[in-house]
Amino acid sequence: MRSFLPAVAEQLFKDIQKIYEEKSQIPDDLLIALKFVFGSCAVQALDLVDKHSVTCLSSPSGRKAFQVTGGSGRLYTCFTSCHYCPCPAFAYAVLRRNDGLLCKHLLGVYLSQAMGLTQQESVSDMYISTLLAGGAAAS
């Protein structure tokens, strides 16, 4: 699923998942590793997870998209299947400058999944199709 990420990031998410399942918290050494691998957006992403800002939208056909409510209240629709977020930070820092692996929204998606804290919402296939087409779908 996370084939776009380096092995070190993949392993970090697996370690977080395992430890979080056991202790319901992330130990300092893994927090330091997150900061080292993902930079300053790690703290911002953890804040999004703490605020339950990540929702997984699932359709009957199995398609998934993630909606993340950013700090400003804006809703970003992220796709882990193609490693994409429409936010300006992703376009500039990740795609253009190659300064980071992820923006805080995508990192929030991966962390919320690893920690089992993703909100779940079932939506129609048409809703997901509209999101994939770049439109603002109505419920």
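Residues numbered from 1 in each chain as written. Predicted model: local features only at pLDDT ≥ 70, side-chain atom pairs only at ≥ 80, totals over all residues. Heavy atoms only, no water.

Draft legend 1. Representation of helix α1 (residues 7-23) within the structure. With 17 residues, α1 extends 24 Å between its outermost C-alpha atoms, agreeing within 8% with the 24 Å of an ideal straight helix rising 1.5 Å per residue. Along α1, the residues that are buried comprise A9, E10, L12, F13, I16 and Y20. Looking down the long axis of α1, one finds its buried residues gathered within 160° of arc, a one-sided arrangement. Seen from the open side of α1, the exposed residues pointing more than 90 degrees away from its buried face are A7, V8, K18, E21 and E22. Residues of α1 that are buried sit in contact with α2 (28-38) and α5 (104-115). Of the residues flanking the end of α1, it is S24, one or two places downstream, whose phi is positive at about 55°. (Helix = DSSP H or I, 4+ residues; strand = E, 2+ residues; numbered from the N terminus. Expected span 1.5 Å × (residues − 1). Buried < 20%, exposed > 50% of the residue type's maximum accessible area, 1.4 Å probe, protein only. Arc of directions from axis to C-beta. Contact = heavy atoms within 4.5 Å.)

Draft legend 2. A look at the pattern of salt bridges. Under the defined criterion, the tally for this structure stands at 1 salt bridge. Linking K51 and D47 is a salt bridge whose minimum nitrogen-to-oxygen distance equals 3.2 Å. You can call K51 exposed: its relative accessible area is 56%. (Salt bridge = Lys/Arg side-chain N within 4 Å of Asp/Glu carboxyl O.)

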